[in-house]
Amino acid sequence: LATDTICSISWQKDFVKILDQTKLPAAEIYLECRNVEAVAHAIERLCIRGAPAIGIAAAMALALEAQSSKSKTAVDLINQLASACVRLKQTRPTAVNLQWALNRIMDKVRSRSSTDISFLKSLVIKEAMLIHHEDIENNMKIAEYGQTVIPDPATVLTICNTGSLATGGYGTALGVIKRVHAIGRKISVIACETRPLLQGARLTAWELKKAGIPFKLITDSMAGYFMKVFGADLVIAGADRIAANGDTANKIGTYSLAVLAKNHAIPFFIAAPISTIDATIHNGNEIVIEERSPEEITAFQGIETAPVHTDVWNPSFDIVPSKYITGIITERGIIRRPFTKGICRLCCRN
Ligand code: MRU
């Protein structure tokens, strides 16, 4: 049941090593990010992506900033870290894990009365490592809870990439799938390619292949017809931000899957760590949806696929209203309806 060998991000003391996901599956190329700007750039370009993974990347970027800081006083160091946070928070607005990780470190640093610079620096680095470590542990727990909702045998449909690449290790929705396979149950996966950047085709298919899990790749627009013709036992997706009422932001296309699942009476689950829950917002309308460059839609790998100056709408995520969600699988258990009550109960616990 151990974790797999894929490592999307690691701390190398002088730099953060990031597996460049834009190059997968053709090549496994690692970036050496030596400062905040390099990590911020890697997040913006989706070299590292997936809500938990970008939270870890931001935390490690802050650790680099602390480590190389020339600040002479604690106040200066804290101010320096705070400006690094501003830059990092600008990279991707929807995944709350990014803000969560940075706020967690800053709260820790600010709560120390110590003015010893080297102590504060090591505190930042330690906390970043802890965030990474805890994410893997949480994913293992999510997988453990999640396997209870998967029948045997099962056909499970998923979107985007929620595996080792998108997290500190193992994965959330994909982690549940991996666990079911690892304990010897029969599972086959229907992976949606995930337009426009093909995280499903490039990354999930790559991870499933490595794990030896049977899968079929479909385009996003085939999901409805697949459900009608073959049926599916379950849809399971990850999340970038979950509001207090359970409304969930995830990769564009997830909303369509949820509506289709409802129409075909297929249970629809979200798998995500508690750090993806933003209990400060009431519902999905308050979630900021990142809009990305039109070129992601008008061109593919440098080749234009639409006429020049074509007007484009390119939201990176959509919101699944909680009424479509059967359950939210977290490291503290599965939250079921009424979500507001369940989310409050799990989030208030420390
Ligand atoms: O744009 P991406 O690739 O960062 O989008 C990722 C997703 O939507 C994932 O489903 C989500 O972040 C959860 S990853 C465990």
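This one's a predicted model, so the numbers in the text were calculated from it and none came from an experiment.

Caption draft 1: Looking closely at helix H6 (residues 173–182). Here H6 lies mainly inside the structure; 8 of its 10 residues are buried. All buried positions along H6 are accounted for by Ala-173, Leu-174, Gly-175, Val-176, Ile-177, Lys-178, Arg-179 and Val-180. Positive phi appears at Gly-184, one or two residues downstream of H6, with a value of about 90 degrees.

Caption draft 2: Representation of the packing of aromatic side chains in the model. Summed over all chains, the structure comprises 2 aromatic pairs. Here the aromatic rings of Phe-226 and Phe-230 are separated by 5.0 Å at their centres, their planes lie at 40 degrees, and the arrangement is tilted. The class for Phe-230 is exposed, based on a relative accessible area of 62%. Here Tyr-255 and Tyr-324 contribute two aromatic rings whose centre-to-centre distance is 6.2 Å and whose plane-to-plane angle is 80 degrees, an arrangement assigned as edge-to-face. Here the residue Tyr-255 occupies a position in helix H9 (residues 254–263), and Tyr-324 occupies one in the loop between strand E14 (317–320) and strand E15 (327–330), the gap between them amounting to 69 residues. Here Lys-17 stacks its cationic end above the ring of Tyr-30, 4.6 Å away from the centre of that ring. It is Lys-251 that lies over the ring of Phe-317; its NZ or CZ is 4.5 Å from the centre.

Caption draft 3: Geometry of the packing of helix H2 (residues 51–67) against helix H3 (residues 74–89). The contact between H2 and H3 brings their axes to 10 Å, and the two run at 145 degrees. Crossing handedness for the pair H2 and H3: right-handed. Contacts between H2 and H3 pair Ala-58, Ala-61, Leu-62, Glu-65 and Ala-66 from the former with Leu-77, Gln-80, Leu-81, Ala-84, Cys-85 and Leu-88 from the latter. A class-by-class count of the residues in the contact of H2 with H3 yields 9 nonpolar, 1 polar and 1 charged.

Calculation criteria
- Residues numbered from 1 in each chain as written.
- Predicted model: local features only at pLDDT ≥ 70, side-chain atom pairs only at ≥ 80, totals over all residues.
- Heavy atoms only, no water.
- Buried < 20%, exposed > 50% of the residue type's maximum accessible area, 1.4 Å probe, protein only.
- Helix = DSSP H or I, 4+ residues; strand = E, 2+ residues; numbered from the N terminus.
- Phe/Tyr/Trp six-rings, centres within 6.5 Å; stacked < 30°, edge-to-face > 60°.
- Lys NZ or Arg CZ within 6 Å of the ring centre and 35° of its normal.
- Axes fitted to C-alpha atoms, helices over the stretch in contact; angles between N-to-C directions.
- Left-handed = near helix turned anticlockwise from the far one by under 90°.
- Contact = heavy atoms within 4.5 Å.
- Nonpolar A, V, L, I, M, F, W, Y, C, P; charged D, E, K, R; others polar.

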